[in-house]
Amino acid sequence: MADAAPILSVKDLRVGFRTLDGRVDAVRGINLNVKAGETVAIVGESGSGKSQTMMAAMGLLASNGSATGTVDYRGRNLLGLPKSELNKIRGSKISMIFQEPMTSLDPLYTIGSQLIEPIRRHRGLNAKDAHAEALRLLELVRIPEPRRRLRSYPYEMSGGQRQRVMIAMALANDPDILIADEPTTALDVTVQAQILKLLADLQKKLGMAIVFITHDLGIVRRLADRVYVMRSGEVVEEGATQAIFSTPKHDYTKMLLAAEPTGHKAPPPPGAPIVLEGRGVEVTFEIGGGFLAGDPMILRAVDKISVALRQQQTIGIVGESGSGKSTLGRALLRLLPSTGVIRFGMKDIAKLDREDMRPLRRELQLVFQDPFGSLSPRMTVGQIVTEGLLVHEPGLSRADRDRRAIEALREVGLDPAMRNRYPHEFSGGQRQRIAIARAMILKPRVVVLDEPTSALDRSVQKQIVELLRDLQQAHELSYLFISHDLSVVRAMADYIIVMKEGRIVEQGETEAIFDHPAEDYTRTLMAAAVDETRFRAAG
Amino acid sequence: MTDLAATAARAEATRGRSFWGDAWARLKANRAAMVSLIYLGLMAVVCIAGPWFVPHQYTTIYADYVRTPPSLSAYPKPEMIETALADVMKRMRVDLKEWHQEGERIFVTVTSSREIDERNTRYVDRSDTFDDARVEEKSADGKTMVISAAIKQQYFLFGTDNTGRDMLSRTLMAGRVSLAIGLLAGVVAVVIGVIYGATAGFLGGRADEIMMRIVDVLYSLPFIFFVIMLVVFFGRNFVLMFLAVGAVLWLDMARIVRGQALSIRRQEYVQAAEALGVSRTGILARHIVPNLLGVVVIYMTLLVPQVIILESFLSFLGLGVQEPMTSWGVLISVGAKNIGTANWLLLFPALFLVSTLFALNFVGDGLRDALDPKDR
Amino acid sequence: MLSYVIRRLLTAIPTLFVIVTLAFFLIRVAPGGPFNQERGLSPEIRANLEAQFGLNDPLWLQYFNYLKNLLRGNFGPSYNLPDFTVGELFANGLPISIQLGASALVLALLVGSTLGVIAALYQNRAADYAVIATATAGSTIPTFVIAPVIQLLFGLTWSLLPIGGWGDGAFVNKIGPVLTLALPQIAIVARLMRGSMIESLRSHHIRTARALGLSEWSVVVHHALRGALLPIVSYAGPAAAALLTGSIIVETIFSIPGVGRYFVDAALNRDYTLVMGTVVVIAIFTIVFNLIVDILYAVVDPRVRYD
């Protein structure tokens with residue numbers, strides 16, 4: 001099997017895009033092969049060109065993109081093929097699933113009609129047979145109540161179910177090759193694991209080749225036979241998965257493999273004082289309702305939660321989207337109305353109004369997930385970083401503020417000379433450093449970190465984690481670290497709270513939780529992270 | 001300390017591209033928008049300064065030149081001299097015996113049954129065609145006289161209207177009025193809309209809901225009804241009226257600004273400012289307003305042509321600017337009524353109006369692309 | 001579905017009531033009255049007329065009388081066109097305005113969306129620029145310029161069409177007015193359609209459809225176009241209400257006996273009943289077409305429910 005001729009071979013593929021700043025090359029002459037029935041992974045960080053490679057092969061480039069080279073599928077060059085010929089191969093012999101399960105299905109048609117359309121087109125079945133086939137496919141991807149689901153619209157289904165439907169559509173015509181472009185990135189970890197298992201099972205059953213495009217080394221190690229590592233539009237290393245993981249040759253591959261956040265945090269000294277404490281904190285939202293619209297629904301986002309954060313402690317709050325972890329973080333900072341007791345130091349701050357909270361704000365800071373949305377596009381980095389000083393140290397002169405901005409930027413590892421620039425001129429990781437500098441300049445005691453690394457590439461994540469740990473050490477900070485990513489939490493936190501549907505499911509010392517999770521939910525959450533941990537131990 | 005000075009120097013060198021600087025660079029790259037912008041500038045200069053340089057007043061009536069077609073050469077044309085002369089003779093109550101032209105002057109021999117008063121030559125000067133009338137010869141009985149007069153050279157590049165007024169000066173004057181009204185009412189609408197919309201969006205909740213419900217009700221009243229009521233109330237004072245028109249056009253602006261304000265309020269950078277303890281006014285001044293400005297500028301460029309069209313429309317209906325003051329709408333309305341016989345009455349004002357609207361439109365599109373580059 | 005329509009119509013009643021009330025008092029506080037302008041009307045006759053139409057009653061009484069009559073479907077007599085009731089004026093004029101408006105609307109939707117789709121499919125190429133240029137021209141040149149130009153070219157210069165008049169609804173008489181009404185709408189619809197089609201073509205589910213090897217026809221018409229229609233549907237509602245209730249410009253320039261001219265004349269002459277009648281008719285059209293839009297919306301988009 002290993003010696004079989006490739007069914008898909010890409011030679012000297014170049015992909016470029018016309019933009020206002022001239023031509024941008026996304027892929028710069030790469031070669032890769034896919035053999036029948038094997039699983040190939042294309043790994044790289046954002047901007048490496050890994051997706052555009054396969055988009056070009058499928059004729060799905062955006063209108064300003066163009067590709068040269070050859071993409072040879074069983075003797076035919078897909079790049080030169082007229083659309084009508086290409087359409088006989090796309091969706092039939094080669095099919096593709098995408099990263100965005102929520103938007104990849106047409107919202108205006110039922111699941112059934114979207115499944116039936118490609119079946120009829122490629123196989124020429126009559127309506128009745130195609131319907132039966134669609135039903136079989138939904139059963140194949142293990143969607144409950146498939147008969148009813150045929151009549152459902154995409155909006156009536158969850159992200160995981162939609163991705164299953166996408167897989168069913170892709171497999172409808174028995175393809176030779178299934179291209180999966182980050183198929184699980186947008187899904188919660190528990191769902192991720194299910195989808196990956198489904199894909200592995202289906203491959204065993206149907207025997208197609210799978211091309212995984214991913215940034216997630218855990219997926220690669222678990223599923224792929226061979227790996228191509230891409231950076232800046234080029235393949236820097238290729239080989240069997242085992243070989244790549246055990247003896248990486250290229251520096252970039254080594255860096256990627258080492259990019260897993262490592263180390264862990266020691267618990268605070270015993271008897272460290274409690275700095276921030278919440279008791280029976282509850283946050284509710286009204287949904288709908290309003291003027292003339294009847295009674296609103298009440299959603300309990302945080303349901304009577306108690307938490308105590310000690311000086312120099314990091315509490316990791318983990319849970320899937322919608323578990324209420326971000327809401328809890330904001331409620332504790334009094335950025336959302338809540339009920340219950342919140343103490344900062346000796347003081348009950350739950351009843352304080354806006355004015356009375358203001359002096360305390362400098363000691364209670366927040367860093368957001370999205371490094372793009374959390375910096376005002378109209379202000380320079382210097383203005384952003386010093387905005388808090390305007391409030392809390394109004395006596396400072398302009399020059400003093402400037403000096404403080406320089407110090408703060410230097411502390412987070414940025415060149416202070418950049419402070420007259422605007423956020424859009426920085427990369428994601430740099431922006432996150434700016435956001436951290438904005439919080440740190442006030443010398444806070446407590447910082448709530450709301451998924452500060454989730455939007456970043458692995459290698460950048462690692463740097464941010466290390467930066468945050470260094471800052472904590474230097475300033476005796478206390479962190480509330482909110483994340484869905486357990487491998488990052490493990491490296492950051494000494495105590496973990498697991499949340500689900502607004503409640504605490506489990507809590508305890510980090511190592512204890514990782515070694516002996518008591519709840520099923522915690523175990524499923526850890527499935528992905530644990531796997532990578534084992535690999536790290538092996539490697 | 002030298003280190004600090006060095007970074008300060010480097011910081012100066014790496015001054016970033018601001019949002020507005022970026023937008024301006026993008027706008028400059030858009031050729032249609034830049035040409036339009038220059039065109040608008042020229043149009044404004046021509047309309048504002050032009051009337052002082054055109055040799056005709058926009059109100060002056062040239063009785064000899066009613067509905068004269070536009071021409072690049074000077075009036076009067078030869079055949080017009082005779083008609084004008086006959087007209088003068090009638091006023092002088094004398095008979096024309098003979099006339100001929102020598103260069104720039106004409107020599108006219110007139111007779112009458114009675115003695116001719118020399119002062120009657122003033123009728124020649126009063127004519128729009130001649131001036132500098134002199135008595136060259138006079139017969140002994142005073143019943144025959146030779147009068148010479150200079151032919152007044154006049155240019156009517158755009159022709160004249162039904163009462164003999166120069167269309168060039170009228171079109172430029174109309175441009176002043178139309179552009180001024182567009183700007184005035186546009187600013188009024190934007191100011192009201194921004195204040196109302198930003199307040200609703202920033203307050204949110206119940207206040208927002210009630211404020212927007214009011215906008216909804218105003219929306220469902222026929223727009224033209226409103227305008228007519230305003231005309232009725234404010235009479236024909238055009239400044240007052242267009243303040244009022246601006247006061248009607250703010251509804252869209254209010255909706256747009258409110259939507260924007262709501263979405264900006266939800267942005268993480270506003271939440272970050274709240275977490276820093278920034279006051280409401282600080283958030284409004286440093287975050288909401290600067291981020292709203294782009295939308296306001298875009299909408300303003302869309303609003304100005306809207307107001308100009310509205311003004312023309314009202315003037316067309318006879319509800320707008322009143323004679324002898326004029327605007328493009330007034331001129332077009334007259335032109336439309338005379339389209340069969342004197343099409344230049346429609347042609348020139350329509351050309352000015354439409355080209356201005358075109359240019360505004362391109363500038364608006366260009367600004368939208370420059371300020372909101374998410375499409376690319 | 002039916003209960004939704006009934007519920008929507010019921011909620012429209014308070015809106016209509018607010019509009020009627022607002023309009024009634026607005027026009028009444030305006031200075032002047034229906035019989036002030038006519039010269040040579042002796043004070044006695046004027047007093048007589050005012051008494052006859054109940055204009056001397058207290059305003060609130062007049063208001064309630066008006067509402068009472070309105071509920072019976074009686075719009076009252078016209079003050080300035082004394083031979084007609086407001087109802088008769090609408091019975092005569094509205095069919096004409098509706099004919100013109102409906103033709104213009106259909107034309108605009110067909111031509112405009114076709115142009116928009118073509119422009120979107122050939123984005124940034126010659127066909128696209130041609131459509132953009134046409135649309136810009138169509139939406140910037142005011143109706144009161146287009147109409148005389150059509151008259152000049154087709155009526156006077158080439159003598160293909162009558163210059164104006166209704167001609168008992170002869171086809172040639174409708175061409176000019178319908179074109180004038182349709183041109184700006186074509187421009188707006190084409191622009192809207194181009195924008196929403198480009199966005200629709202960029203969406204992820206279109207990428208899915210292409211990846212599945214569906215035919216270009218199916219991708220464009222079946223998947224992209226249907227989603228792109230939604231903004232057009234929302235635009236068409238208010239546009240229909242405005243078009244069907246007549247255009248003062250077009251009806252004046254082409255001498256069409258529709259209802260579009262009444263509004264301005266009536267307001268200027270303080271023909272209270274005619275003004276109110278027009279306001280009510282326009283409001284009803286607006287409400288009905290907004291309802292139709294909402295129903296159509298739900299037909300196109302399954303995510304919208306009747307509740």
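Residues numbered from 1 in each chain as written. Chains lettered and ligands numbered in written order. Predicted model: local features only at pLDDT ≥ 70, side-chain atom pairs only at ≥ 80, totals over all residues.

Student: Would you take a moment to explain the overall build of chain B for this structure?
Tutor: A count of helical and extended segments in chain B gives 14 helices and 4 strands. For 376 residues, the compact-globule formula gives about 21 Å, and the C-alpha radius of gyration of chain B, at 31 Å, lies well above that figure. With respect to the principal axes defined by its C-alpha atoms, chain B has extents near 105 × 60 × 35 Å. Counting across all 376 residues of chain B, residues that qualify as buried make up 44%. (Helix = DSSP H or I, 4+ residues; strand = E, 2+ residues; numbered from the N terminus. Rg over C-alpha atoms; globule rule 2.2 N^0.38 Å. Buried ≥ 20, exposed ≤ 12 C-beta atoms within 10 Å, placed from the backbone.)

Student: What is the right way to read the overall build of chain A from this model?
Tutor: Helix and strand counts for chain A come out as 19 helices and 20 strands. Here chain A has a C-alpha radius of gyration of 26 Å; the compact-globule value for 539 residues is 24 Å, and the two agree. In terms of overall dimensions, chain A has a C-alpha envelope of 75 × 55 × 50 Å along the principal axes. Counting across all 539 residues of chain A, residues that qualify as buried make up 48%. Put simply, of all contacts in chain A between residues at least 6 apart along the chain, 69% involve residues at least 24 apart. (Contact = placed C-beta atoms within 7 Å.)

Student: I'm lost on the sheet that holds strand S19 (residues 495-500) of chain A in this one. Help?
Tutor: Hydrogen bonds between backbone atoms are what pair the strands of a sheet, whose relative direction is either parallel or antiparallel. Residue and element names in this part refer to chain A. Strand order in the open sheet made by the 6 strands is S16-S17-S18-S13-S19-S20, with mixed pairing throughout. The open sheet terminates on both sides in strands that have one partner only, identified here as strand S16 (364-367) and strand S20 (503-509). Adjacent strand axes in the sheet meet at a mean angle of 15 degrees, parallel and antiparallel pairs treated alike. Across 5 bridges, strand S17 (residues 446-450) lies against strand S18 (residues 478-483) in parallel orientation. By the bridge assignment, Val447 is partnered in S18 with Tyr479. (Pairing = 2+ DSSP bridges. Axes fitted to C-alpha atoms, helices over the stretch in contact; angles between N-to-C directions.)

Student: Help me out: how do you make sense of the nonpolar core in this one?
Tutor: The tendency in soluble globular proteins is for nonpolar side chains to be buried side by side. Ranked by internal contacts, the top residues of the largest apolar core, which has 320 residues, are A:Ala168, A:Ile177, A:Val211, A:Leu480 and B:Ile332. Those residues within four positions of B:Ile332 in sequence are excluded, and the remaining contacts are B:Ser312, B:Phe316, B:Leu346, B:Pro349, B:Ala350, B:Leu353, C:Phe144 and C:Val145. B:Leu85, B:Val88, B:Met92 and B:Ile151 belong to the second largest nonpolar core, which has 16 residues in total. (Core = buried A, V, L, I, M, F, W, Y, C linked by C-beta atoms within 7 Å.)

Student: Can you walk me through the interface of chain C and chain B in this structure?
Tutor: How large an interface is tends to be reported as the accessible area lost when its parts come together. If you look at the interface, chain C gives 26 residues, while chain B gives 27 residues. Among the secondary structure elements, those contributing two or more residues to the side of chain C that touches chain B are helix H1 (2-29), helix H5 (126-140), helix H6 (143-157), helix H10 (248-253), helix H11 (262-268) and helix H12 (272-300) of chain C. Classifying every residue of the side of chain C that touches chain B by side-chain character gives 21 nonpolar, 5 polar and no charged. (Nonpolar A, V, L, I, M, F, W, Y, C, P; charged D, E, K, R; others polar.)

Student: Looking at this structure, I do not really get the environment of C:Leu71. What am I missing?
Tutor: The residue C:Leu71 is located in helix H3 (residues 59-71) in this model. In sequence terms C:Leu71 and C:Leu229 are 158 residues apart; their C-alpha atoms lie 38 Å from each other.

Student: Just to check I follow, could you spell out the pairing of S16(A) for this structure?
Tutor: The two faces of the sheet receive side chains in turn, since in a regular strand these alternate between them. All names here are of chain A. With burial as the criterion, each face of S16 is covered, one bearing Leu364 and Leu366 and the other bearing Gln365 and Val367. Direction of pairing for S16 relative to S17: parallel, over a ladder of 4 bridges. Looking at S17, one finds that Gln365 is bridged to Val447.

Student: How do you make sense of the sheet that holds strand S2 (residues 105-111) of chain B when you look at a structure like this?
Tutor: All names here are of chain B. Taken together, the 4 strands give an open sheet; going across it, the order is S1-S2-S4-S3, and neighbouring strands pair in antiparallel fashion. Of all the strands in the sheet, just strand S1 (95-102) and strand S3 (130-138) have a single pairing partner and so form its edges. Ignoring which end each strand starts from, the neighbouring axes of this sheet average 25 degrees apart. Contacts from helix H4 (residues 78-92) reach S1, S2 and strand S4 (144-151) within the one sheet, and its direction differs from that of S1 by about 140 degrees.

Student: What is the right way to look at the confidence of the model for chain B in this model?
Tutor: Taken residue by residue, chain B gives an average pLDDT of 80. The fraction at 70 or more is 92%. At the level of chain-chain contacts, confidence expressed as ipTM amounts to 0.79, with global pTM at 0.80. (pLDDT = per-residue confidence, 0-100.)

Student: Explain the packing of helix H4 (residues 86-121) of chain C against H12(C) here, please?
Tutor: Packed helices, taken two at a time, are described by their axes: the angle between them and the distance between them. All names here are of chain C. Running from N to C, H4 and H12 point in directions that differ by 50 degrees, and their axes come no closer than 10 Å. Comparing their axes, H12 and H4 come out oblique. By crossing handedness, the relation of H4 to H12 is classed as right-handed. Listed contacts from H12 to Val86, Leu89 and Phe90 of H4 are Thr273, Leu274, Gly277 and Val281. (Parallel < 35°, antiparallel > 145°, perpendicular 65-115°, else oblique. Left-handed = near helix turned anticlockwise from the far one by under 90°.)

Student: Sorry, what's going on with unusual backbone geometry here?
Tutor: All names here are of chain A. Of note, Ser232 is a non-glycine position whose phi angle comes to about 45 degrees, a positive value. Looking at the element boundaries, Ser232 is found in the loop between strand S9 (226-231) and strand S10 (234-240). The backbone of Arg334 shows a phi angle near 60 degrees, a positive value even though the residue is not glycine. As for its position among the elements, Arg334 is in the loop between helix H11 (325-332) and strand S14 (339-344).

Student: What is the right way to read helix H3 (residues 31-53) of chain B from this model?
Tutor: Since the α-helix turns once every 3.6 residues, residues separated by three or four places project in the same direction. Compared with an ideal rise of 1.5 Å per residue, which puts 23 residues at 33 Å, H3(B) spans 31 Å between its outermost C-alpha atoms and is within 8% of the ideal. At B:Cys47, H3(B) shows its largest kink, close to 35 degrees, and the proline B:Pro51 lies no more than four residues downstream. (Expected span 1.5 Å × (residues − 1). Bend = angle between axes of the 7 residues up to and from the residue.)

Student: Is there a simple way to explain the confidence of the model for chain A in this structure?
Tutor: When pLDDT is low, close inspection of the predicted coordinates is not appropriate. Residue-level pLDDT values for chain A average 87, and 95% of them are 70 or greater. Segment residues 532-539 of chain A is flagged for pLDDT under 50; beyond a separation of four residues in sequence, or across chains, it makes 9 contacts in the model.

Student: What is the right way to read the pairing of strand S6 (residues 94-97) of chain A from this model?
Tutor: Residues and elements named next belong to chain A. The alternating pattern of S6 places Ile94 and Met96 on one face and Ser95 and Ile97 on the opposite face, and all of these are buried. Two elements, S6 and strand S7 (residues 177-181), share 4 bridges in a ladder whose sense is parallel. Within S7, the residue paired with Ile94 across the bridge is Ile177.

Student: I keep staring at the environment of C:Gly54 and nothing clicks. Help me out?
Tutor: Residues and elements named next belong to chain C. Looking at where Gly54 falls in the secondary structure, it is placed in the loop between helix H2 (43-52) and H3. C-beta crowding within 10 Å serves as the criterion here: with 12 such atoms nearby, Gly54 is assigned to the exposed category. As for Gly54 and Thr134, which are separated by 80 residues in sequence, their C-alpha atoms are 53 Å apart. Non-local contacts of Gly54, meaning those with residues more than four positions away in its chain, are made with Gln62 and Asn65.

Student: Help me understand helix H13 (residues 381-392) of chain A, please; the structure alone is not making it clear to me.
Tutor: Of all the positions in H13(A), only A:Val381, A:Gly382, A:Ile384, A:Val385, A:Thr386, A:Glu387, A:Gly388 and A:Leu389 are classed as buried. The elements touched by buried residues of H13(A) are helix H14 (398-411) and helix H15 (428-440) of chain A together with helix H11 (268-276) of chain B.

Student: How should the environment of A:Leu336 be read in this particular structure?
Tutor: Residues and elements named next belong to chain A. Mapped onto the fold, Leu336 is located in the loop between H11 and S14. Along the sequence, Leu336 and Val283 sit 53 residues apart, while their C-alpha atoms lie 7.9 Å from each other. Not counting chain neighbours up to four residues away, the residues in contact with Leu336 comprise Val283, Thr327, Arg330 and Ala331.

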